[in-house]
Amino acid sequence: MAWWCVPEAEAGESLEPGKQILQEVIFGWWKISLRKARETHEDFLENLHLQDQTALIFGARILDYVINLCKGKFDFLEWLSDDLLLNIISYLDLEDIARLCQTSHRFKLCMSDKLWEQIVQSICDTITPDVRSLAEDTGWRQLFFTNKLQLQRQLCKRKQKYGSLREKQP
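These numbers were taken from a predicted model, which means no experiment stands behind them.

Cut-offs applied
Residues numbered from 1 in each chain as written. Predicted model: local features only at pLDDT ≥ 70, side-chain atom pairs only at ≥ 80, totals over all residues. Heavy atoms only, no water. Helix = DSSP H or I, 4+ residues; strand = E, 2+ residues; numbered from the N terminus. Buried < 20%, exposed > 50% of the residue type's maximum accessible area, 1.4 Å probe, protein only. Areas by Shrake-Rupley, 256 points an atom, 1.4 Å probe, with all protein chains shown as cover. Core = buried A, V, L, I, M, F, W, Y, C linked by side-chain atoms within 4.5 Å. Contact = heavy atoms within 4.5 Å. Patch = residues over 30% accessible without salt bridge, like charges linked within 9 Å, V, L, I, M, F, W, Y side chains within 5 Å. Salt bridge = Lys/Arg side-chain N within 4 Å of Asp/Glu carboxyl O. pLDDT = per-residue confidence, 0-100. Arc of directions from axis to C-beta. Polar contact = N/O pair within 3.5 Å; in protein donor to acceptor, adjacent residues only side chain to side chain. Axes fitted to C-alpha atoms, helices over the stretch in contact; angles between N-to-C directions. Parallel < 35°, antiparallel > 145°, perpendicular 65-115°, else oblique. Left-handed = near helix turned anticlockwise from the far one by under 90°. Nonpolar A, V, L, I, M, F, W, Y, C, P; charged D, E, K, R; others polar.

Details of the overall build of the protein
Counting its regular elements, the protein contains nine helices and two strands. Beginning at the N terminus, the succession of helices and strands in the protein can be written as β-β-α-α-α-α-α-α-α-α-α. Within the protein, the fraction of its 170 residues that count as buried is 19%. As displayed, the protein offers around 14,200 Å² of accessible surface, 55% of which is attributable to carbon and sulfur atoms.

Shown next as structure tokens:
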């Protein structure tokens, strides 16, 4: 990698001392070639210079991932998108979702409204606009764990509250 600082001036214009504007020019290149000798995972783990270069170019997260791969620790779930992971989690039993949530920060998705909305939609045939509105206010998880009697009470209170507000508006 090479770099130069070059004074910047308009064509035919001279730069006054103290008023020079420097423009940084950076040239970088990679040489990728096939090598006959391959390094093993153990060689990579022992080669700190290669690890530093990997972290510098790809970042610390990728370096940690590569080191774990070399050690035989594969975490395929780490690379799944949130939407795909939520779709998979939505098929688990409730007890398994509760356990999964406790295993990793990555699985705090188990508490997300998006997951609980999917679960409620998979269980219920239809969701009325009133129930949807209540879920958006209180949260889909809260709605899921609310028993039917409490849910009916909340919906009635909500209709009374919003019904009286509509009557007051001209």
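Next comes the rest of the write-up.
Focus on the nonpolar core
Core analysis: the biggest nonpolar cluster contains 20 residues, and I89, I97, C110, L115 and L143 have the highest contact counts within it. In terms of residue count, the dominant contributor to this core is helix α6 (residues 113-123) (four residues). What I97 contacts, discounting residues up to four positions off in sequence, is I89, L92, C110, L115, W116 and I119.

Looking at a nonpolar patch on the surface
Taken together, the side chains of L56, I57 and F58 present a nonpolar region at the surface, about 340 Å² in accessible area. Position of F58 relative to the elements: it lies in helix α2 (residues 48-58).

Quick notes on the confidence of the model for the protein
It should be kept in mind that the predicted coordinates are not to be read in detail where pLDDT is low. Looking at the protein, pLDDT values average 76 and 73% of them are 70 or higher. Under a pLDDT of 50 for its full length, residues 1-9 has, in the predicted model, 28 contacts with residues more than four places off or in other chains.

Some points on helix α3 (residues 60-70)
Along α3, the positions that sit buried rather than exposed are L63, I67 and C70. Buried residues of α3, viewed axially, fall in a sector of 60 degrees; they line one side. As for α3, its buried residues are in contact with α1 (41-46) and α2. Looking one or two places after α3, you find G72, whose phi comes out positive at around 85 degrees.

Topic: the side chain of T146
Relative to the elements of secondary structure, T146 occurs in the loop between α8 (140-145) and α9 (148-168). Judged by its relative accessible area of 10%, T146 falls in the buried class. Among the polar contacts listed, one links the side chain of T146 to the backbone oxygen of Q142, at a separation of 2.5 Å. Apart from the residues within four sequence positions on either side, T146 is in contact with L151 and Q154.

Observations regarding the packing of helix α4 (residues 82-89) against α6
Two elements in contact, α4 and α6, have axes whose closest approach is 10 Å; the angle formed by their N-to-C orientations is 40 degrees. The pairing of α4 with α6 is recorded here as oblique in orientation. As α4 runs across α6, the sense of the crossing is right-handed. Where α4 abuts α6, its residues D83, L86, N87 and I89 lie against K114, L115 and Q118. By residue class, the composition of the contact of α4 with α6 is three nonpolar, two polar and two charged.

What about the pattern of salt bridges?
For the structure shown, the criterion picks out four salt bridges. The shortest N-O distance in the salt bridge between R106 and D82 comes to 2.6 Å. Highlighted residues: R106 in the loop between α5 (94-101) and α6 and D82 in helix α4, separated in sequence by 24 residues. For D82, a relative accessible area of 39% corresponds to the partly exposed category. Residues K114 and D83 are paired through a salt bridge, measuring 2.6 Å at the closest nitrogen-oxygen approach. Here K114 is found in helix α6, whereas its partner D83 is found in helix α4, with 31 residues between them in sequence. K114 gets classed as partly exposed once you look at its relative accessible area, which sits at 44%.

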